[in-house]
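# Structural overview
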There are 2 protein chains.
Amino acid sequence: MFVLSSRLKEDGAEVIGLGLCVVLLMKDRSFPWLVLVPRRDGVREMHELAKADRAVLMEEICAASSVIGTLFKPDKINIGALGNLVPQLHVHVIGRFKTDRAWPGPVWGTGAMQPYPPEELDKTILTLRSAFKTLA
Amino acid sequence: MFVLSSRLKEDGAEVIGLGLCVVLLMKDRSFPWLVLVPRRDGVREMHELAKADRAVLMEEICAASSVIGTLFKPDKINIGALGNLVPQLHVHVIGRFKTDRAWPGPVWGTGAMQPYPPEELDKTILTLRSAFKTLA
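Conventions we followed
Residues numbered from 1 in each chain as written. Chains lettered and ligands numbered in written order. Predicted model: local features only at pLDDT ≥ 70, side-chain atom pairs only at ≥ 80, totals over all residues. Helix = DSSP H or I, 4+ residues; strand = E, 2+ residues; numbered from the N terminus. Rg over C-alpha atoms; globule rule 2.2 N^0.38 Å. Least-squares fit on C-alpha atoms with pLDDT ≥ 70 in both. Contact = placed C-beta atoms within 7 Å. Nonpolar A, V, L, I, M, F, W, Y, C, P; charged D, E, K, R; others polar. Pairing = 2+ DSSP bridges. pLDDT = per-residue confidence, 0-100. Axes fitted to C-alpha atoms, helices over the stretch in contact; angles between N-to-C directions. Left-handed = near helix turned anticlockwise from the far one by under 90°.

Counting secondary structure elements, chain A contains 3 helices and 5 strands. Order of helices (α) and strands (β) in chain A, N terminus to C terminus: α-β-β-β-α-β-β-α. Over its C-alpha atoms chain A spans a radius of gyration of 14 Å, differing by no more than 12% from the 14 Å that the globule rule assigns to 136 residues. With the C-alpha coordinates of chain A rotated into their principal frame, the extents come out at 40 × 35 × 25 Å.

This brings us to the relation of the copies chain A and chain B. Laying chain A over chain B is done by rotating through 180° and shifting 0.0 Å along the axis; what remains is an RMSD of 0.0 Å. Interpreted geometrically, this transformation is the action of a two-fold axis. Among all residues of chain A, the minimum C-alpha distance to the rotation axis is found for G80 of chain A, at 2.1 Å. Take the interface residues of chain A: 100% of them recur as interface residues in chain B, which is what a same-surface contact looks like.

Now for the interface of chain A and chain B. Each side of the interface is counted separately: chain A has 28 residues, and chain B has 28 residues. Taken together, the elements giving at least two residues each to the side of chain A that touches chain B come down to α2 (51-72) and β4 (76-81) of chain A. Per-element tally for the side of chain A that touches chain B: the top contributor is α2 of chain A, with 8 residues. Taken together, the residues of the side of chain A that touches chain B sort by class into 14 nonpolar, 10 polar and 4 charged. As paired elements, β4 of chain A and strand β4 (residues 76-81) of chain B share 3 bridges and run antiparallel to each other. Residue A81 of chain A lies in a different strand from β4 of chain B, and its bridge partner there is I79 of chain B.

We now examine the confidence of the model for chain A. When pLDDT drops low, the exact placement of atoms in the prediction is not to be read closely. Overall, the predicted model of chain A reaches an average pLDDT of 96, with 99% of residues at or above 70. For this predicted complex, the interface confidence comes out at an ipTM of 0.96, alongside a pTM of 0.97.

In helix packing, the relevant descriptors are the interaxial angle and the interaxial distance, both defined with respect to the helix axes. Residues and elements named next belong to chain B. The N-to-C vectors of helix α2 (residues 51-72) and helix α3 (residues 118-135) enclose an angle of 120°; their axes lie 10 Å apart at closest approach. As for the relative orientation of α2 and α3, their crossing is right-handed in sense. On the side of α2, the interface is formed by A63, S66, V67, T70 and L71, while α3 contributes T127, L128, A131, F132 and L135.

Read across the sheet, 10 strands follow the order β1(A)-β2(A)-β3(A)-β5(A)-β4(A)-β4(B)-β5(B)-β3(B)-β2(B)-β1(B) without closing on themselves; strand pairing throughout is antiparallel. Of all the strands in the sheet, just β1 (12-17) of chain A together with β1 (12-17) of chain B have a single pairing partner and so form its edges. If you compare each strand with its neighbour and ignore which way they point, the axes differ by 25° on average.

Written out as structure tokens, the structure is:
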């Protein structure tokens, strides 16, 4: 049975469920930052997924990347599956700006999460959800 | 025409050419660290690749991940496509150990590359090449 790890649940807000992944918005308004979690139990590494799931994951990563590119017009998109702290397989898709706090380094571990005001969080989720339905 | 960026050429040593990507070994013995570069001109973001290329890229990323997992038995594998400094699309596949210099953070920008002695570099490339031929 698929259970979202408590750390991901705490740090993210659900945006939409795609064919394979749950898409979360990280509660850090420093970056347009999505995390995709394949709904498969006990998978830590990408190569442990079945081949058919891997193909879907790639398409969902690229859908998330297109959504961020279209909505936020970042200078670059960063994609990462690390999992050193949270072993459940999850893939970060992050819009990066030359003016953001971590540029040109990676974002992980660069500072405290900057929470969205509640209304802005809700609005951002709705905008993202609608973009996934249109673009993905 | 596909040309490997000068920075990737300088930092990496060619291991093998797969269907889509050139596989490089980063010249930093701190980590078993591969970089996959799709042989497509002018691509910066993963979602800019054609769908067929994306499926192949996913399989080649997973082949690299399996090779690193089998040969080096890391505690975790990190996969990342960042490109903030080198815009040519390239994907890092890195074996991580709880004892490595950057754990549990990401490896990028964490210190000077620790060069392989020439014989060890050659031997590592041959071992990796043989593993790609067997496992991939």
